[in-house]
Structure formats: structure tokens, C-alpha cells
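# An overview of the molecular structure
The lines below spell out each chain.
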Amino acid sequence: MISKLLRLSKDTLIYSLGALTGHFIALIFVPIYTRIFSPNEYGIIDLITTSVQLTTLFLSMGLDSGVARYYIDAKDSEDKKLTTSTVFLYSASSSFFVMMLLLMISRRLSGALLGSSVSSIFLQLALISMPFSILSSYCLNMFKWGFKSSLYAVTSVGELIVRVSATIYLVVLRRTGIIGIYIAQLTTALIFFIIRFYLTRNNYTFIFSFKKLKEMLYFGAPTLPLSIAHYVLTYS
């Protein structure tokens, strides 16, 4: 009993620290950005980040909660694979579809959001990063659902170190400007998606269930407003 409580406490601490990775990144980057970028440039970064993050939340539709619910209650390993594969395939197809759609109108979108004087390449790089970030986060959650706290911790800390290091190298040392932020973001998202997908590859097959997806959306979608409210309150 005591050993189970200790394991629960340890895993809870690890998962909590992993969930705070985004806050750590923001905390580290704020003094760097405000020192290097003008208020106008910082506003561009903030607006792009917020727009892409809100798009990501809408794409997720609370499915992380749905997977957690049905993965734990799955009858057997095949049912678990059906659950995880359905959401993985949905997340991959929907995120890449939305990315392509937004890339086609990215110049107009950038002009409307940021003004015609700002290059659309910043928004385009952020949009290209989006599906890899979504899938990387999904694979990260697979460690949590599979009670693999060590892999969760190692890849979370690794992602933090790589992204911070790449951003400092490009933005501070190489003086690439705003574009360096999104190159570092895309590189980190791609690297850790590949790593996490490889480590969780046995959880997926090419099977898809509309019925299972509907059940998980029905369970998870009501949490979407809460996720948006949490993001707004946290980063406003």
C-alpha cells in the first residue's frame, strides 16, 4: 500500500513538472525576447503564438481527456490500440489538413493579423510546426497513459533543453531575429515527434473507429472551453 502511494506521488510530481514545461520555456524566453526585440516585434511573436495555440486547442477537441478515459477502461490490448490509433490518425489528418489550408491563405492571414509590412514567413513556420507539436504532445501523453514516467520526464526535459538551446543559438548568438524563434520551434517539434513516436510506435496500428472517436469527442469536447479559459488566464 505504501509503495503504491509512493509511486503515485512520484508519478504525479513528474507529470506535473512535465506539464509545466511550457511555463518554464515562457519564463526563460521573456527576458531574452524583451531584451532583444522591440515592443512591436514582441507583439508579433505573442500574436502568432496565441493564434497557433488557440488553433491547436480547437483541433484537440479535448480528445486527450477522452483517450485517458477510454484507454484505462479498455477491455484488452487490442481495444487500447483501437483507442490510441483512432485519435492519433484523427489528430494527424486534421492537423495536417488545417495546416495546409491555412498555409494557402497565410499571406492574407498574416496581413490581417500582423499587417502588410510583416513577412508571412513567421506565421508559415509556426503553422508548419503545429501538426508536429500536436502529435509530439500526443505521443508524450502516451507515456503518461502507459505509466512510463521516466520516459515522460526525460523527453520533457530534453525538449526544454533543445528548444532553449536552439533559440539562444539562433536568436542571441546568430542574431537571426524573429525567424530564429520559429526555426528553433519547428526543429524541436520535429525531433521530439520522431523520438516519441518511435518510443510509442507499438501503441498504434492503421485502424480507425468512427464510433470510438464519437465516444471520445462526446466525453472530451465539453472540456474545450475550460482549456481555452485556462490558456487565456495563464498567458494573458
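Quantities reported herein were computed from a predicted structural model and do not represent experimental measurements.

Residue-level pLDDT values for the protein chain average 86, and 86% of them are 70 or greater. Of all secondary-structure elements in the protein chain, the lowest mean pLDDT belongs to helix α1 (residues 2-19), at 54, while helix α9 (residues 178-200) reaches the highest, 96.

Checked against the element boundaries, Phe 197 lands in helix α9. Each C-alpha atom of the pair Phe 197 and Tyr 138 lies 9.1 Å from the other, and the pair is 59 residues apart in sequence. If we ignore the near neighbours within four places in the chain, the residues touching Phe 197 are Phe 88, Cys 139 and Tyr 204.

What follows is about the nonpolar core. It is characteristic of soluble globular proteins that their nonpolar side chains tend to be buried jointly. Grouped together as the largest cluster of nonpolar side chains are 47 residues, with contacts concentrated most on Ile 48 and Tyr 182. Listing elements by their share of this core, those giving two or more residues are α2 (21-36), α3 (39-60), α4 (63-72), α5 (77-104), α7 (121-145), α8 (149-173), α9 and α10 (210-220). Broken down by element, the residue count for this core peaks at 13 residues, all from α7.

This part covers the packing of aromatic side chains. All told, the structure shown has 13 aromatic pairs when counted by the stated rule. Aromatic side chains Phe 88 and Tyr 204 sit 4.7 Å apart centroid to centroid with 25° between the ring planes, which places their arrangement in the stacked category. A residue pair is termed long-range when its members are at least 10 positions apart, and Phe 88 in helix α5 and Tyr 204 in the loop between α9 and α10 qualify at 116 residues. Residue classification places Tyr 204 among the buried positions, given a relative accessible area of 11%. Each member of the aromatic cluster is reached from another via a ring pair, and the members are Phe 88, Phe 96, Phe 132, Tyr 138, Trp 145, Phe 193, Phe 197 and Tyr 204. Positioned above the aromatic ring of Tyr 70, the side-chain terminus of Arg 69 is 4.9 Å from the ring centre.

Definitions and limits used
- Residues numbered from 1 in each chain as written.
- Predicted model: local features only at pLDDT ≥ 70, side-chain atom pairs only at ≥ 80, totals over all residues.
- Heavy atoms only, no water.
- pLDDT = per-residue confidence, 0-100.
- Helix = DSSP H or I, 4+ residues; strand = E, 2+ residues; numbered from the N terminus.
- Contact = heavy atoms within 4.5 Å.
- Core = buried A, V, L, I, M, F, W, Y, C linked by side-chain atoms within 4.5 Å.
- Buried < 20%, exposed > 50% of the residue type's maximum accessible area, 1.4 Å probe, protein only.
- Phe/Tyr/Trp six-rings, centres within 6.5 Å; stacked < 30°, edge-to-face > 60°.
- Lys NZ or Arg CZ within 6 Å of the ring centre and 35° of its normal.

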